[in-house]
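Report on the structure
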Amino acid sequence: MSYFVAAYFAAWLILFLYVFYIERKLSVLGKDLKHLKDIVKRKKS
Amino acid sequence: MREGFVKRILGIASFVGIFASLYMAFFYAPLDKNLGVVQKIFYIHFPVAIVPYIAFFVVFVTSILYLKTRDGKWSKIAYASVEVGLVIDTALLVTGTIFDKPTWGVWWVWEPRLTTSLIMWLLYAGYLMLHFSVDEIEKRSRLTAVYGIVAFISVPISFMSIRWWRTAHPLLITPKGIALDTPMWVTTLVFLVSMTFLYAYLLRQRVNVINLQEEIQDLKDEVEG
Amino acid sequence: MNYMRHIMALVQKDIVAELRTKEMLNSMVLFVLLTMVVFNFAFGSGSAMEAVSSGLLWVAFMFAAILGLNRVFVHEKDEGCLDGLMLCPMDRSAIYFSKAISNFVFLTLVELIAFPVFTIFFVQKSFLSHLWFLIIILLLSNVGISAVGTLLSAVSINTKARDLMLPILFLPVIVPILVAAVKSTELVLTASAIDVQKFETDMIVWLRTLAIYDIIFVLVGFLTFEYVVEE
């Protein structure tokens, strides 16, 4: 039983950490992009 | 809009699929007579064993496409696929070692499939190292594409040689000969399909990250220059 | 055949340049000998050593090969010779084949010197009746090592990390050669203790593995090398 729990826990921990990492990176980058676009717009006007 | 639609479909499919397959693994599939609950590790072990092969096959194909077309999008997909494949391969090695202990009594067996996965892990960790040690994008794409081709071709030869290495002097190792009932097979297949969806979703997201980073870099250059 | 002439001219250039300094050959031979001595201390002597001796031999050869492979493109790159070669009106793959061949020659030379020393140190039983097999094993393995190694050496010389990169890229790819070479060498070294039938069937498996690997990777190197060196 403990092996079973350990295997599922470990596998999902690795996969979820990666999913979390990617999603977080995407949202941070999305914000950066929006911010930069605002700056570009302000510079042009 | 189409972009977001595909992403949403993949996201939902992998999310629903994973939960469905977890449910099936825990409640639908019958308990194994010999191994008991430990056998249920197989349901997660199998898909994370297959998906890296798919991921690295994608690397192989996109590497060839990059060298033929010189379109940067292929090298982005190749890189993203390596990274996602490596993560899943890591999950495979972890579940593999945990699966070995109760079934074979040791944490690690130098058995062809497990050993090949380890070598694959090392091959593509090398790919990442190579990626990070070249700065020029064009050159980096070229070199990693060549290595992506070499690495993938070496995988089946490694597998065969390791298998002969073991069978050439017979050991206690038999293939994971767990006879599967129909419900077990169905569960395994559902799990495999949902894991493939998760891979496709992650691949897409990873490519999006690269695209966003590029776009930001371009805008930064514009703002500064 | 113009293509052949180009290759031979380049190989000759490499060999003459190497024989002038013998820098690489000397360090490779010394390195193999040192590895054997170090292994002897690490594993002790006697029966324990006998069981792992063919593995030891190939680990030493692999590391020596990496040492040599690292140097294949260093001079060419640093002195700008590679750019000159690329300007020559000839197929790029001629550069690949010439480098692979000269590397094959150096590796074989090193093994010719190191192998007798190895037998004196670690082999008690006579295997002279199977010497031919051993020569075939060495030659086939060297083809594979040179084919893959030259390609990956060209890859790694183009990176920031340079010679740090090569072992990381090279070792996992060379696993089949290592397995086949170790097992077949072990067969030769223990030939007197196992029956002929088993020797033959096993030997065929390993020689076939080596041959298949060689054919595939010579082809891969031939097809992809031009993408590595283009600038």
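Going by the structure above, here's the rest.
Below or above, wherever it landed, is the structure these notes cover. Computed from a predicted structure; not experimentally measured.

In this complex, chain C contributes 32 residues to the contact, which on the side of chain B involves 30 residues. Taken over both partners, the interface formed by chain C and chain B buries close to 2800 Å², and the fraction arising from carbon and sulfur atoms is 73%. When the area that chain C buries against chain B is broken down by residue, the three leading residues are C:Lys160, C:Pro172 and C:Tyr227, summing to 19%. Inspection of the region where chain C meets chain B yields three salt bridges. Note that C:Lys160 is salt-bridged to B:Asp135, the shortest N-O span being 3.2 Å. If you look at where chain C meets chain B, you find eight residue pairs in polar contact (both at pLDDT 80 or more). Counting residues per element, the ones that place at least two in the side of chain C that touches chain B are α7 (131-157), α8 (165-189) and α9 (196-229) of chain C.

With that settled, consider the environment of C:Val228. The residue C:Val228 is located in helix α9 in this model. For C:Val228, a relative accessible area of 1% puts it in the buried group. Sequence separation between C:Val228 and C:Val155 is 73 residues; the distance between their C-alpha atoms is 6.1 Å. Those residues within four positions of C:Val228 in sequence are excluded, and the remaining contacts are B:Arg142, B:Leu143, B:Val146, C:Leu151, C:Ala154, C:Val155 and C:Asn158.

Residue and element names in this part refer to chain B. Interaxial distance between helix α2 (residues 41-69) and helix α3 (residues 72-104) falls to 8 Å at its minimum, and their mutual angle equals 160°. In terms of axis orientation, α2 runs roughly antiparallel to α3. Note on packing geometry: the crossing formed by α2 with α3 is left-handed. Within the contact of α2 with α3, the residues separate by chemical class into 23 nonpolar, ten polar and one charged.

A few words now on the layout of surface pockets. Its boundaries defined by the atoms lining it, the largest pocket holds a volume of some 690 Å³. In terms of lining, the largest pocket is formed by 28 residues, of which the most central are B:Trp165, C:Val59, C:Leu178, C:Val179 and C:Val182. Mapped onto the lining of the largest pocket, the elements with two or more residues apiece are α4 (112-132) and α5 (137-168) of chain B together with α2 (23-43), α3 (47-72) and α8 of chain C. Looking at the lining of the largest pocket, its residues break down into 22 nonpolar, four polar and two charged.

A separate point is the packing of aromatic side chains. In total, this model carries 32 aromatic pairs over all chains according to the counting rule given. With a centroid separation of 6.4 Å and an interplanar angle of 15°, the aromatic rings of A:Trp12 and B:Phe191 are classed as stacked. Of this pair, A:Trp12 sits in helix α1 (residues 2-44) while B:Phe191 sits in helix α6 (residues 182-224), which puts the two residues in different chains. Each member of the pair, A:Trp12 together with B:Phe191, is buried. Three or more aromatic residues link up through ring pairs in this structure, and these residues are A:Phe4, A:Tyr8, B:Tyr23, B:Phe26 and B:Phe27. Just above the ring of B:Trp74 sits the side chain of B:Lys73; from NZ or CZ to the centre is 4.8 Å. The ring of C:Phe73 has C:Lys99 sitting right over it, with the charged end atom 5.8 Å from the ring centre.

Here is what the cut-offs are and how they apply
- Residues numbered from 1 in each chain as written.
- Chains lettered and ligands numbered in written order.
- Predicted model: local features only at pLDDT ≥ 70, side-chain atom pairs only at ≥ 80, totals over all residues.
- Heavy atoms only, no water.
- Contact = heavy atoms within 4.5 Å.
- Buried area = accessible area lost by both parts, 1.4 Å probe.
- Salt bridge = Lys/Arg side-chain N within 4 Å of Asp/Glu carboxyl O.
- Polar contact = N/O pair within 3.5 Å; in protein donor to acceptor, adjacent residues only side chain to side chain.
- Helix = DSSP H or I, 4+ residues; strand = E, 2+ residues; numbered from the N terminus.
- Buried < 20%, exposed > 50% of the residue type's maximum accessible area, 1.4 Å probe, protein only.
- Axes fitted to C-alpha atoms, helices over the stretch in contact; angles between N-to-C directions.
- Parallel < 35°, antiparallel > 145°, perpendicular 65-115°, else oblique.
- Left-handed = near helix turned anticlockwise from the far one by under 90°.
- Nonpolar A, V, L, I, M, F, W, Y, C, P; charged D, E, K, R; others polar.
- 1 Å grid on protein atoms, 1.4 Å probe; cavity = no way out; pocket = protein on both sides within 12 Å on 5 of 7 lines; lining within 4 Å.
- Points joined across faces, edges and corners; volume = space filled by probe spheres on them.
- Phe/Tyr/Trp six-rings, centres within 6.5 Å; stacked < 30°, edge-to-face > 60°.
- Lys NZ or Arg CZ within 6 Å of the ring centre and 35° of its normal.

Fair warning: the whole summary comes from geometry, so function is off the table for now.
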